[in-house]
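Descriptive analysis of the structure
This is what each chain is made of:
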Amino acid sequence: MDPFWRDAERHLIRYGGGWTPEIIERAEGSFVHTATGRRVLDFTSGQMSAILGHSHPEIVATVRRQVGTLDHLFSGMLSRPVVDLARRLAESLPAPLSKAMLLTTGAESNEAAIRMAKLVTGRHEVVAFARSWHGMTQAAAAATYSAGHQGYGPNAPGNLAIPVPNPYRPDFTAPDGTFDWRRQLDHGFAMVDAQSTGSLAACIVEPILSSGGVIEPPPGYLAALAGKCRERGMLLIVDEAQTGLCRTGTWYAFERDGIVPDILTLSKTLGAGLPLAAVVTSEEIERRAHERGYLFYTTHVSDPLVAAVGNTVLDVLERDKLDARARELGDHLRAGLLSIKDRHPAVGDVRGRGLMQGLELSTVDGDALGGRITRRCLELGLHLNVVQLPGMGGTFRIAPPLTATPQELTLGLEILDQAIGDTAG
């Protein structure tokens, strides 16, 4: 056995699926490079985060400059990069979202948001989608239903799930067979009301459920959901870890639905691969939280190094108009995926927006096939991630960098097409 893999087997705690069987030496743009000299096209942007590609020269320059002047501070101290980033995030968002806190990961930002919602409302119950993923810390994990609930003992009381609005595999249908999402939403909240103790604090949702299978709620759904929250005095938390900052073709995915969340969380894309997250809310909610003694004091809150990176991310997104680029490239990607669907009976659905697309296999036992296709893609030089959930086919999460070229997208589509043909017949 190679000493690297021997040491990995001996000394690393396994924390999820198996390791990709390649040693990664470096990454640049849309590609990662292995120790054996292979160049692998990265259709996941790292962990769905590196929206500017790997080792973007402006991010590299910012890190080098900032780490040599001001990297980390006592959590009560402030620096210019932090205040600048908070202001710029507020300027990019609709009113009344104007107050930000900078943290590290998506789980941490969701933890902070849920904690704030509970304190401000004086309640404790939290509603989430049944295939959600909001993180692995306590409150975030309790609101995560796509994996990870078995074997860890009880969650805090008050966590409730509603059905996922999945038009491809509808559980409520109209007489013409189409997905009746309004009836499903009414049913979901009827179940919430039946289980609630009268202490509903918040509903936390992803505008596109990524780990849940790249499921996009139909137009109108999130607005209706926001209405359900208002009727019950709940705060609406929108988790845009993967959809925020231009990936779906608009700066924020919630814009399509004409809603404004009470609390917005950002992470992955904000740091373009570095650990940076944010909680953004209104002046009123922040004031009420502060008056009630809101506490979320962490080691890396308001760190200047990653805040400087966040400012550079915004610089590049604005200057290069990457929201428009994500729409254009997304159209190219979607056309290629639909062409693959037309050629392969094993492909059941293509969905998503911009440069977050999903391709679901047609059979509910598609998880095994999805694994084989993923392995074949890697052999051919493409890294893909497949989501495998009970009752669904394997779903490929396709999220290339916003800086990818049309030629790189075409290359990835060609490899995926060949891998499906080689594997599914």
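**Remarks on the packing of helix 11 (residues 322-343) against helix 13 (residues 406-424)**
Remark: helix 11 packs on helix 13, axes separated minimally by 10 Å, with the N-to-C direction vectors making an angle of 15 degrees. Classed by the angle they form, the pair helix 11 and helix 13 counts as roughly parallel. When the axes of helix 11 and helix 13 are compared, the crossing they make is right-handed. Two secondary-structure elements touch here, helix 11 through Leu329, His332, Leu333, Gly336, Leu337, Ile340 and Arg343 and helix 13 through Pro406, Leu409, Thr410, Leu413, Leu416, Asp417 and Ile420. When its residues are assigned to classes, the contact of helix 11 with helix 13 shows nine nonpolar, three polar and two charged.

**Here's the deal with the sheet that holds strand 9 (residues 263-266)**
The strand order across the open sheet formed by seven strands is 4-10-9-8-7-5-6, and the pairing between neighbours is mixed. Either end of the sheet is taken by a strand with one partner, and the two such strands are strand 4 (97-103) and strand 6 (159-162). Along the sheet, successive strands turn relative to each other by an average axial angle of 20 degrees, direction set aside. Bridge analysis of strand 9 against strand 10 (residues 277-282) gives four bridges, and the strand direction is antiparallel.

**Considering the packing of aromatic side chains**
Scanning the model with the defined rule gives six aromatic pairs in all. Taken together, a centroid distance of 5.8 Å and an interplanar angle of 15 degrees make the contact between Tyr252 and Phe254 stacked. On the accessibility criterion, Tyr252 (0% relative accessible area) is buried. For Phe254, a relative accessible area of 1% translates into the label buried. One aromatic cluster is present, built from ring pairs that chain together Phe129, Trp181 and Tyr221. The lysine or arginine in question, Arg39, covers the ring of Phe31, its NZ or CZ lying 3.8 Å from the ring centre.

**Considerations on the sheet that holds strand 1 (residues 24-28)**
Spatial strand order, 1-2-3-13: four strands in an open sheet with mixed pairing. Sheet topology places strand 1 and strand 13 (382-383) at the edges, where each strand pairs with a single neighbour. Sheet analysis places strand 2 (residues 31-34) next to strand 3 (residues 39-42), joined by three bridges and oriented antiparallel. Looking at the pairing, His33 lines up with Arg39 of strand 3.

**Re the pairing of strand 1**
One ladder, built from four bridges, connects strand 1 with strand 2; its direction is antiparallel. Pairing of Ile24 across the sheet is with Thr34, part of strand 2. Adjacent in sequence and paired antiparallel, strand 1 and strand 2 are bridged by two residues, among which Gly29 carries a positive phi angle near 60 degrees.

Criteria and cut-off values
- Residues numbered from 1 in each chain as written.
- Predicted model: local features only at pLDDT ≥ 70, side-chain atom pairs only at ≥ 80, totals over all residues.
- Heavy atoms only, no water.
- Axes fitted to C-alpha atoms, helices over the stretch in contact; angles between N-to-C directions.
- Helix = DSSP H or I, 4+ residues; strand = E, 2+ residues; numbered from the N terminus.
- Parallel < 35°, antiparallel > 145°, perpendicular 65-115°, else oblique.
- Left-handed = near helix turned anticlockwise from the far one by under 90°.
- Contact = heavy atoms within 4.5 Å.
- Nonpolar A, V, L, I, M, F, W, Y, C, P; charged D, E, K, R; others polar.
- Pairing = 2+ DSSP bridges.
- Phe/Tyr/Trp six-rings, centres within 6.5 Å; stacked < 30°, edge-to-face > 60°.
- Buried < 20%, exposed > 50% of the residue type's maximum accessible area, 1.4 Å probe, protein only.
- Lys NZ or Arg CZ within 6 Å of the ring centre and 35° of its normal.

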